[in-house]
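Chain and residue survey
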Amino acid sequence: KIDEASYMPVVQGQTMFVGSNRNDCVAAYDPRTGAEKWRFLLNGPMRVAPVAFRLPGGEERVCAGSDDGWLYCLGAGDGSLKWKVRCGPSDRKLFGDERMISVWAIRGAPTYGDGKLGFDDARDSRDFIPLNLYGWSKLNFDIWAMALM
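The model shown is predicted, which means the values in this text are computed figures rather than measured ones. (Residues numbered from 1 in each chain as written. Predicted model: local features only at pLDDT ≥ 70, side-chain atom pairs only at ≥ 80, totals over all residues. Heavy atoms only, no water.)

Digging into the sheet that holds strand β2 (residues 15-20)
Filter applied, for reference: At least two bridges found by DSSP between two strands are what make those strands a pair. Where helices and strands are cited, they refer to DSSP runs of H or I of at least four residues and of E of at least two residues respectively, numbered from the N terminus. Interaxial angles span 0 to 180 degrees and are taken between N-to-C directions of axes, which are lines fitted to C-alpha atoms, for helices over the stretch in contact.
Strand order in the open sheet formed by 4 strands is β1-β2-β3-β4, with antiparallel pairing between adjacent strands. Pairing within the sheet leaves two strands with one partner each, and these edge strands are β1 (10-12) and β4 (36-41). Geometrically, the sheet is characterised by an average inter-axis angle of 20° between neighbouring strands, direction not taken into account. Summarising the sheet, β1 and β2 pair through 3 bridges and their orientation is antiparallel. Bridge pairing in β2 links Val10 to Phe17.

As structure tokens, this is what we get:
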């Protein structure tokens, strides 16, 4: 059983984003005062750092993955859900860490660079069809994710 609280904060501007593997959420805080700005509940633990970024038009967003198998994109200012996507071919679950989690739990942190959201640079074939986000090439994921934005 993974019973340790593990926090990987990410700061953008005057906001610190923190995911929680104990409270199944991602939250935004004022780094000067520690006051919580907003909290978004997930359907499973968040075990990796979120990614905060600014879209080319200036809108700030934060993306977070969870053991529920979904990648969530939120408005950085208010935590509103912009979109979410299941990162596996089904909602299949398994028993993990004393609870039900997705077979395709998100265990790799998303990245953002050059106006693109991605996970890795393993392949660049445009016809690669992954089973989960660990298998996405950064190029294919970037193309797919930008279409959602």
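Having seen the structure, we can now continue with the description.
Quick look at the side chain of Asp24
Inclusion rule: Only protein chains enter the accessibility calculation, which uses a 1.4 Å probe. A residue is then buried if its area is under 20% of the maximum for its type, exposed if over 50%, and partly exposed in between. Whenever two N or O atoms come within 3.5 Å, that pair is a polar contact, provided that in protein one can donate a hydrogen and the other can accept it, and provided that, for residues adjacent in sequence, both atoms are side-chain atoms. Here, residues are in contact when the closest pair of their heavy atoms is within 4.5 Å.
Relative to the elements of secondary structure, Asp24 occurs in the loop between β2 and β3 (25-29). Judged by relative accessible area, which is 14%, Asp24 ranks as buried. Among the polar contacts listed, one links the side chain of Asp24 to the side chain of Arg99, at a separation of 2.6 Å. Those residues in contact with Asp24 that lie beyond four places of it in its chain are Phe40, Leu41, Leu42, Gly44, Pro45 and Arg99.

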